[in-house]
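Chains, contacts and geometry: an overview
Residues per chain are reported as follows:
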Amino acid sequence: MKKVFTLLTVVLSINAFGQTLKTFNGQFNDGRLQNGNATYTYYEDPNTHEYLKQGAFKYTFKGQGDYTGFDQTITGSFEKGLKNGTWTYIITMTDFGKGNPYATGTVTLTANYKNGYADGNWKEVRSYKNRKKYLVYGQYKWEPYEALKTMTINMNFKDGYLVGAVNINDEFAKFKATGSYDN
C-alpha cells in the first residue's frame, strides 16, 4: 500500500508541474513597420496564465522596401521566460540607409545571460564602410567606399552588474578606453 501511495504521489507531482510546450513560428512584431519571423517554444504558467518562452529562440529579419539591405538574426535560449546562456545578435548591411551615406558591413553582439541578467562576457563588434549615391544625368552613381572602420567593446557582467575589465576601441570616433570595475 505504501508503494502504491508513493507511486501515485510521484505521478500526480509530475502531472501537476509538467508543462506542455507549444511552438510559435511566424511573424514577430519588433516595433518596425516590417516584421521579422521568430521560432520559439513556450508554455502557459499555471498560476499567472502568462505565456513563458522556454528553450531555443531564433528571430530573422530580411529587409525590404525602406529596410532593403538590412538583415538581422537573433539566436539564444530562454529558461522559464528569462534569457539564459549565450545570445547572438547579428546585423548585416549592404548599402543600407535612407540617404547618404549608405553602410555596408556587420554589427555583432555576443551576450551571456543567467536567469535573465547579464552574466559573463559581452562583446560587440561594429565593422562597416560607407559610400554615397548621387543622381547624375538621370542615373544613380555610387562613390567609392570610404575606409572600413571598426568599433570593438568587450566587457564582463556578474548578476547584471558590470565587473572586471572593459575595453573599447572605436575607430569611428577615434576613441580608446580601458578600465576595470570591482564587484
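Model, not experiment: these values are computed from the prediction.

Moving on, we come to the environment of Thr-41. Structurally, Thr-41 is set in strand 2 (residues 36-44). Separated by 68 residues in sequence, Thr-41 and Leu-109 place their C-alpha atoms 23 Å apart.

Time to look at the side chain of Asp-45. By the secondary structure assignment, Asp-45 is in the loop between strand 2 and strand 3 (51-62). One buried charged side chain, Asp-45, makes no salt bridge at all; its nearest oppositely charged neighbour is Lys-80, positioned 9.1 Å away. A distance of 2.7 Å separates the side chain of Asp-45 from the backbone nitrogen of Asn-47, its partner in a polar contact. A polar side-chain atom of Asp-45 sits 2.9 Å from the main-chain amide nitrogen of Thr-48.

A separate point is the nonpolar core. Membership of the largest hydrophobic core comes to 28 residues, with the highest contact counts inside it found for Phe-57, Trp-87, Tyr-89, Met-93 and Trp-122. Where this core is concerned, the elements lending two or more residues are strand 2, strand 3, strand 4 (70-79), strand 6 (85-96), strand 7 (102-114), strand 9 (120-131) and strand 12 (149-158). Sequence-distant contacts of Trp-87, that is, excluding residues within four places in its chain, are made with Phe-57, Ile-74, Thr-75, Gly-76, Ser-77, Phe-78, Leu-109, Thr-110, Ala-111 and Tyr-113.

Turning to the confidence of the model for the protein chain, a few remarks are in order. Per-residue pLDDT for the protein chain has a mean of 91; in total, 90% of the residues score no lower than 70. Confidence drops under pLDDT 50 across residues 4-17; counting only partners more than four residues distant or on other chains, this segment forms zero contacts.

This part covers the pattern of salt bridges. In this structure the tally under the stated criterion is four salt bridges. Between Asp-71 and Lys-62 there is a salt bridge, and its shortest N-O distance comes to 3.6 Å. A residue is classified by how much of its surface remains accessible, and Asp-71, at 25% relative accessible area, is partly exposed. Taking relative accessible area as the criterion, Lys-62 reaches 59% and is therefore assigned exposed.

Residues of strand 4 alternate between two faces, with Phe-70, Gln-72, Ile-74, Gly-76 and Phe-78 buried on one and Asp-71, Thr-73, Thr-75, Ser-77 and Glu-79 left unburied on the opposite face. Relative to strand 4, strand 3 is paired through eight bridges, and the arrangement is antiparallel. Note on strand 4: the bridge partner recorded for Phe-57 is Gly-76. Relative to strand 6, strand 4 is paired through six bridges, and the arrangement is antiparallel. Of the residues in strand 6, the one forming a bridge with Thr-73 is Ile-90. Sheet topology places strand 4 next to strand 5 (residues 82-83); two bridges connect them, and they run antiparallel. Bridge pairing links Phe-78 to Lys-83 in strand 5.

For Asn-35, the location among the structural elements is in the loop between strand 1 (22-28) and strand 2. Taking the C-alpha atoms as reference points, Asn-35 and Thr-60, separated by 25 residues in sequence, lie 9.3 Å from one another. Each residue touching Asn-35, except ones within four places of it in the same chain, is listed here: Gln-27, Phe-28, Asn-29, Asp-30 and Phe-61.

Let's shift gears to the pairing of strand 10 (residues 133-136). Bridging between strand 10 and strand 11 (residues 139-142) involves four bridges; their strand directions are antiparallel. Bridge assignment links Tyr-134 to a residue of strand 11, and that residue is Lys-141. Connecting strand 10 to the antiparallel partner strand 11 that follows it, the hairpin turn spans two residues, and Tyr-137 within it adopts a positive phi of roughly 50 degrees.

Following the sequence through the fold, Thr-104 ends up in strand 7. Aside from chain neighbours lying at most four places away, what touches Thr-104 is Met-93, Thr-94, Asp-95, Ser-127, Tyr-128, Lys-129 and Tyr-145. In this structure the side chain of Thr-104 is engaged in a polar contact, spanning 2.9 Å, whose partner is the backbone nitrogen of Asp-95.

The amide bond that connects Asn-100 to the next residue, Pro-101, takes the cis arrangement and shows omega of -5 degrees. Residue placement: Pro-101 occurs in the loop between strand 6 and strand 7. In the Ramachandran plot, Asn-115 falls in the positive-phi region, its phi being about 55 degrees despite a non-glycine side chain. Along the chain, the position of Asn-115 falls in the loop between strand 7 and strand 8 (117-118). Despite not being glycine, Lys-174 has its phi angle at roughly 50 degrees, a positive value. Looking at where Lys-174 falls in the secondary structure, it is placed in the loop between strand 13 (161-170) and strand 14 (175-181). The exposed category is assigned to Lys-174, whose relative accessible area is 78%.

Rules behind the numbers
Residues numbered from 1 in each chain as written. Predicted model: local features only at pLDDT ≥ 70, side-chain atom pairs only at ≥ 80, totals over all residues. Heavy atoms only, no water. Helix = DSSP H or I, 4+ residues; strand = E, 2+ residues; numbered from the N terminus. Buried < 20%, exposed > 50% of the residue type's maximum accessible area, 1.4 Å probe, protein only. Lys, Arg positive; Asp, Glu negative; His and termini not counted. Salt bridge = Lys/Arg side-chain N within 4 Å of Asp/Glu carboxyl O. Polar contact = N/O pair within 3.5 Å; in protein donor to acceptor, adjacent residues only side chain to side chain. Core = buried A, V, L, I, M, F, W, Y, C linked by side-chain atoms within 4.5 Å. Contact = heavy atoms within 4.5 Å. pLDDT = per-residue confidence, 0-100. Pairing = 2+ DSSP bridges.

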